[in-house]
Amino acid sequence: MRDFYLAASPDYVPVSATVGQTRINSYAPAALEDGAQIVLDTAAAALEIYGRRFGTYPFTELDLVNTPTLALGIEYPGMIAVTDRIYDPEGSLGSTPNTIFLESTTAHEVGHQWFYSVVGNDQLDEPWLDESVTQYITWLYYQDRYGASAAEGFYQSLVGRWNRIEQADIPIGLPVSAYDGAEYSGIIYGRGPVFVDKLAQTMGQETFDAFMRDYYARYQWGIADTEKFLSLAQSHCNCDLNSLFAAWIYAQ
Ligand SMILES: [Zn+2]
């Protein structure tokens, strides 16, 4: 495990499910059990989808816990915190129903179990490698679970983030400190996953999928970086991706 995290409350009542070898526990106070159940169902579907696509989740336990965090969700190895602000299925945050946030947040944070937890990277200096890749695979979760047309809404939400900074062509591969708040959201969570899709289209989806399985296997328990990601992708497509990375990832 790369990190340690502990959450505790006398009010937690877990709901649980098993996927393959993994027991999934979703913890929340009894009054928020409907939300805890949505988190559990989403995590179970996501664990199955990412496992099939990239390689099996290697632990026998995954815990998702309701906390008063200010973020929507935060990933830890084998554990995920989800904010209590979105657990009431009847409620909404801004104009977006909580149920949409519960599913997208849970699917995103479960994705980090593959890219951040098992395959590590420098989260401060190369945030695109965990965040943009995880945003992209969250879109794959929606495609696999609901079909391509139902997943279009999630993809448009990614483009919408980038639109909020007028699709600025700020490089994706910068450290967190190089972006202001709006740029970080628009570039790392919007332009980034659009780039990963562009990469998949350039390589061919099947080749890209094989590359991602190899990336997960090769850098399991290790630390990947942009150069390793690029070089492994090129070895799979047998093509030159330098100009694509220059246009999207690197500062000119
Ligand atoms: Zn994330």
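Every value quoted in this text rests on a predicted model; they were computed, and no experiment measured them.

Analysis parameters
- Residues numbered from 1 in each chain as written.
- Predicted model: local features only at pLDDT ≥ 70, side-chain atom pairs only at ≥ 80, totals over all residues.
- Domains from an automatic or database assignment.
- Nonpolar A, V, L, I, M, F, W, Y, C, P; charged D, E, K, R; others polar.
- Axes fitted to C-alpha atoms, helices over the stretch in contact; angles between N-to-C directions.
- Helix = DSSP H or I, 4+ residues; strand = E, 2+ residues; numbered from the N terminus.
- Parallel < 35°, antiparallel > 145°, perpendicular 65-115°, else oblique.
- Left-handed = near helix turned anticlockwise from the far one by under 90°.
- Contact = placed C-beta atoms within 7 Å.
- Pairing = 2+ DSSP bridges.

Participant: Help me out: how do you make sense of the domain arrangement of the protein in this one?
Facilitator: Interface size, as often reported, equals the accessible area lost upon joining of the parts. Looking at the protein, the domain boundaries give domain 1 (12-111) and domain 2 (145-248). Averaged C-alpha coordinates put domain 1 and domain 2 at centres separated by 24 Å. Residues that form the side of domain 1 that touches domain 2 fall into these classes: three nonpolar, two polar and one charged.

Participant: How should the packing of helix α3 (residues 127-146) against helix α5 (residues 181-203) be read in this particular structure?
Facilitator: The relative placement of two packed helices is expressed as an angle between their axes plus a distance between the axes. Where α3 meets α5, the closest approach of the two axes is 8 Å, and the angle between their N-to-C directions is 70°. Judged by the inter-axis angle, α3 sits roughly perpendicular to α5. Every pair of crossing elements has a handedness; the one defined by α3 and α5 is right-handed. Listed contacts from α5 to Pro 127, Trp 128, Glu 131, Ser 132, Val 133, Gln 135, Tyr 136 and Trp 139 of α3 are Ile 188, Tyr 189, Gly 192, Pro 193, Phe 195, Val 196 and Asp 197. Considered class by class, the residues forming the contact of α3 with α5 number ten nonpolar, three polar and two charged.

Participant: Teacher, can you tell me more about the sheet that holds strand β3 (residues 61-67) here?
Facilitator: Strand pairs in the sheet, formed through backbone hydrogen bonds, run parallel or antiparallel to each other. Ordered in space as β1-β2-β3-β5-β4, the five strands form an open sheet in which the pairing is mixed. Each of the sheet's edge strands pairs with one partner strand only, and the pair in question is β1 (12-19) and β4 (73-76). For this sheet, the mean angle separating the axes of adjacent strands, direction not counted, is 15°. Running over the sheet, helix α1 (residues 33-54) touches β1, β2 (22-29), β3 and β5 (79-83) and is turned about 155° from β2.

Participant: What's the story with the environment of Ser 231 in this structure? I'm lost.
Facilitator: Of note, Ser 231 is situated in helix α7 (residues 226-237). Remark: the alpha-carbon pair of Ser 231 and Asn 242, spanning eleven residues in sequence, is separated by 9.4 Å.

Participant: Help me understand the pairing of β2, please; the structure alone is not making it clear to me.
Facilitator: Two faces make up the sheet, and in a regular strand the side chains alternate between them. As judged from the eight bridges shared by β1 and β2, these two strands associate in the antiparallel manner. For Tyr 12, the partnering residue across the bridge sits in β2 and is Pro 29. Linkage of β1 to β2, two consecutive antiparallel strands, is achieved through a turn of two residues, within which Gly 20 is found at a positive phi near 60°. As paired strands, β2 and β3 are joined by five bridges and run parallel to one another. Bridge pairing in β3 places Tyr 27 opposite Val 65.

Participant: When you look at the packing of α5 against helix α6 (residues 205-218) in this model, what are you seeing that I'm missing?
Facilitator: In the contact formed by α5 and α6, the axes pass within 6 Å of each other and the chain directions differ by 115°. Taken together, the axis directions place α5 and α6 in an arrangement best described as roughly perpendicular. Handedness of the crossing formed by α5 with α6: right-handed. Contact with α5, carried on its side by Leu 199, Ala 200 and Met 203, involves Gln 205, Thr 207, Phe 208 and Phe 211 of α6 and no other residues of that element. Residues that form the contact of α5 with α6 fall into these classes: five nonpolar, two polar and no charged.

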